[in-house]
Amino acid sequence: MGQGLSCSSSHENGLFNAVQCGDLEMVQLLLNNQPSLLHNTTLYDRQSPLHFAAANGQIEILSLLLERSVNPDLLNRHKQTPLMLAAMHGKISCLKKLLEVGANILKFDSLHGRTCLHYAAYYGHFDCLEAILSAAQSSPVAVSWGFVRFVNIRDGKGATPLHLAARQRRPECIHILLDNGALVSASTGGYGCQGSTPLHLAARGGSLDCIRELLAWGADRLQRDSTGRIPYVIAMKHRHGTCAALLNPSSTEPLVWPSPLKFINELNQEAKALLEQALMEANREREKNILKTNSPGLPSPSHSDAVDDNLSEISDEDTELCSICFEQASTIEVQNCGHVMCAQCTLSLCCHSKPNPTTACLTPPVCPFCRSNILHLVVAKTKREEVDDHEAINSKQRKGRKSHNFSEGGSSSFKGLSSMTSFGKIGAGRNSGRIAAEEDPSVDKLG
Ligand SMILES: [Zn+2]
Ligand SMILES: [Zn+2]
């Protein structure tokens, strides 16, 4: 029914045509002549003009209809609201307008018992997904239902928006949902029955990016579905070889976002983006090793899966070099002490003490330089602002000077940490010795 909002197929009146084509003047004219047209619906699907406007992204007409006090929550034959259709077709301005006038985000259709959030996740319109979630935070839903409950809302078959996003290969939506409290290992079965987790559905869909996101948020590779299969088996069955390699329980565990840490949840957007980048980068290194050594027969990851070179080239900037790894620029500042290190080292510090965040109680790490408690992490100020026209020269000099500073960093106290910067080792303990032997030789250069 996605493309069903065309009226050429029937003898509906001209209003629907005008709405669909965005002919504002015609809509006004028709409604002025015959105001009752506002309440007409199509014969079979019972779509209202508002449904047409929302599905076709006709924002001006949508606003006009709403001004004429049309109920924003009109239902069509399948109990779909205009909001659901806007979310389905990714019509963000119409969706925002509907939310603005108080459209109900907690309506369920009669097809699969899905909400507008399911629609946005299923069709991969992450802008719509974000808009709905942000509306949910301030709407009565948050009070009556609870925001996290809304994020994890189930359709008629027990699927949360996260399940749908995983099945439909929508990594951006997965990211947003997890970021907003979606349960990564939710099972469609609910209440003790074993169903599928988002990871099972991602394994079926075969999207590497989706699997990466889910694993980085702690999705369990060993959870079984109703037929007793782990995600790895499903990926194999559907011939998604690369996905299967990552899902193979004997492959190195991925680094997991340390969400239980208080200061991680309090990160500002900028610092968070840096750390998330470091996490994905570390996991891609791990992937490369897995794919290189574990599965010679598998095709190498596609171009889009390759490590983004931009990510690791921050060190040319006019920032201090990290005195733990001496490889990356210090981009993260610990507060309150003000010590700086790179995002990768920060992350390895935070992820250090837990194999699995869902089972382990995390002891918050301390600053590796002064052992004071980490209260906050912020993006370290670059020195670029202080540098004006002599930028190029200064930057060279500074770089030279930095390299002399390394030795006075008291590297003995970092001995422990330097092993942590080897991401490959983290979490390897649970796995077979086979993996431990595959470490990237480059990481040990400090040892
Ligand atoms: Zn570092
Ligand atoms: Zn410190």
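Here the structure is a predicted model, which is why all the values come from computation and not from measurement.

1. As for the overall build of the chain
Counting its secondary structure elements, the chain contains 22 helices and three strands. Looking at the chain residue by residue over its 447 residues, the buried ones come to 49%. Within the chain, contacts between residues at least 6 apart in sequence are counted, and of these 68% link residues at least 24 apart. When the accessible surface of the chain is summed, it comes to about 21,200 Å², and 50% of that surface belongs to carbon and sulfur atoms.

2. Let's talk about the coordination of the zinc ion (ligand 2)
Within the first shell, the zinc ion (ligand 2) binds the protein through C337 (SG), H339 (ND1), C367 (SG) and C370 (SG), at distances of 2.0 to 2.3 Å. Taken together, the four donor atoms coordinating the zinc ion (ligand 2) and their angles of 107 to 112 degrees define a geometry best described as tetrahedral. For the zinc ion (ligand 2), the single-chain donor residues occur in sequence as C-x1-H-x27-C-x2-C. With H339 in the loop between strand 1 (332-335) and strand 2 (340-341) and C370 in the loop between helix 19 (343-351) and strand 3 (376-379), this residue pair connects regions lying 31 residues apart in the sequence. For H339, a relative accessible area of 29% translates into the label partly exposed. Judged by relative accessible area, which is 33%, C370 ranks as partly exposed.

3. Some remarks on the UniProt feature "coiled-coil region" (unreviewed entry) in the chain
Within this structure's numbering, the places UniProt gives as "coiled-coil region" (unreviewed entry) are residues 261-288. Structurally, residues 261-288 comprises 86% helix and 0% strand, and the distance from its first C-alpha atom to its last is 28 Å.

4. Considering the sheet that holds strand 2
Taking strand neighbours across the sheet as the criterion, the three strands line up as 2-1-3 in an open arrangement whose pairing is antiparallel. Edge strands, defined here as strands with exactly one partner in the open sheet, are strand 2 and strand 3. By the bridge criterion, two bridges tie strand 1 to strand 2 in an arrangement that is antiparallel. Bridging from a neighbouring strand, I332 pairs with M341 of strand 2.

5. A short note on the coordination of the zinc ion (ligand 1)
The protein atoms that coordinate the zinc ion (ligand 1) are C322 (SG), C325 (SG), C342 (SG) and C345 (SG), at distances spanning 2.3 Å. Between the donor residues of the zinc ion (ligand 1), the gaps in sequence give the motif C-x2-C-x16-C-x2-C. A single burial state applies to C322 and to C325, both of which are buried.

6. Focus: the packing of helix 12 (residues 171-179) against helix 14 (residues 208-216)
Look at helix 12 against helix 14: their axes get within 8 Å of each other, and the N-to-C directions meet at 15 degrees. Considering the angle they form, helix 12 stands roughly parallel to helix 14. Seen from above, helix 12 lies across helix 14 with right-handed handedness. Contact residues: P171, I174, H175 and L178 in helix 12; D209, C210, E213 and L214 in helix 14. Split by residue class, the contact of helix 12 with helix 14 holds five nonpolar, one polar and two charged.

7. Brief notes about the side chain of Q47
Along the chain, Q47 falls in the loop between helix 2 (24-33) and helix 3 (49-55). At a separation of 3.1 Å, a polar atom in the side chain of Q47 contacts the side chain of N76.

8. Re a positive patch on the surface
A cluster of basic side chains, namely K157, R167, R204 and K237, defines a positive patch on the protein surface. Structurally, K157 is set in the loop between helix 10 (147-151) and helix 11 (161-167). Under the relative-accessibility criterion, K157 is labelled exposed at 69%.

9. Structural notes on helix 4 (residues 59-67)
For helix 4, the full list of buried residues reads I61, L62, S63, L64, L65 and L66. Of the surrounding elements, those touching the buried residues of helix 4 are helix 1 (14-21), helix 2, helix 3 and helix 6 (92-100). Two residues or fewer after helix 4 comes S69, characterised by a positive phi angle close to 50 degrees.

10. Remarks on the packing of helix 2 against helix 4
At a closest axis distance of 10 Å, the pairing of helix 2 and helix 4 adopts a crossing angle of 25 degrees. Viewed along their axes, helix 2 and helix 4 adopt a mutual orientation that is roughly parallel. The hand of the helix 2/helix 4 crossing is right-handed. Residue-level inspection shows L24, V27, Q28 and L31 of helix 2 in contact with helix 4, the latter providing E60, I61, L64 and L65. Among the residues forming the contact of helix 2 with helix 4, the class breakdown is six nonpolar, one polar and one charged.

11. Focus on the UniProt feature "repeat: ANK" (unreviewed entry) in the chain
As recorded in UniProt, the sites labelled "repeat: ANK" (unreviewed entry) are residues 45-77, 78-110, 157-189 and 194-226. Helix makes up 52% of residues 78-110 and strand makes up 0%, while its end C-alpha atoms are separated by 5 Å. In residues 194-226, the share of helix is 52% and the share of strand is 0%. The end C-alpha atoms are 5 Å apart.

Calculation rules
- Residues numbered from 1 in each chain as written.
- Chains lettered and ligands numbered in written order.
- Predicted model: local features only at pLDDT ≥ 70, side-chain atom pairs only at ≥ 80, totals over all residues.
- Heavy atoms only, no water.
- Helix = DSSP H or I, 4+ residues; strand = E, 2+ residues; numbered from the N terminus.
- Buried < 20%, exposed > 50% of the residue type's maximum accessible area, 1.4 Å probe, protein only.
- Contact = heavy atoms within 4.5 Å.
- Areas by Shrake-Rupley, 256 points an atom, 1.4 Å probe, with all protein chains shown as cover.
- Donors = N, O, S within 2.8 Å, 3.2 Å for Na, K, Ca; no water.
- Tetrahedral: all angles 85-135°; square planar, octahedral: opposite > 155°, others 65-115°.
- UniProt positions renumbered as here; feature names shortened; annotations may be inferred.
- Pairing = 2+ DSSP bridges.
- Axes fitted to C-alpha atoms, helices over the stretch in contact; angles between N-to-C directions.
- Parallel < 35°, antiparallel > 145°, perpendicular 65-115°, else oblique.
- Left-handed = near helix turned anticlockwise from the far one by under 90°.
- Nonpolar A, V, L, I, M, F, W, Y, C, P; charged D, E, K, R; others polar.
- Polar contact = N/O pair within 3.5 Å; in protein donor to acceptor, adjacent residues only side chain to side chain.
- Patch = residues over 30% accessible without salt bridge, like charges linked within 9 Å, V, L, I, M, F, W, Y side chains within 5 Å.
- Salt bridge = Lys/Arg side-chain N within 4 Å of Asp/Glu carboxyl O.
- Lys, Arg positive; Asp, Glu negative; His and termini not counted.
- Charge placed at Lys NZ, Arg CZ, Asp CG, Glu CD.

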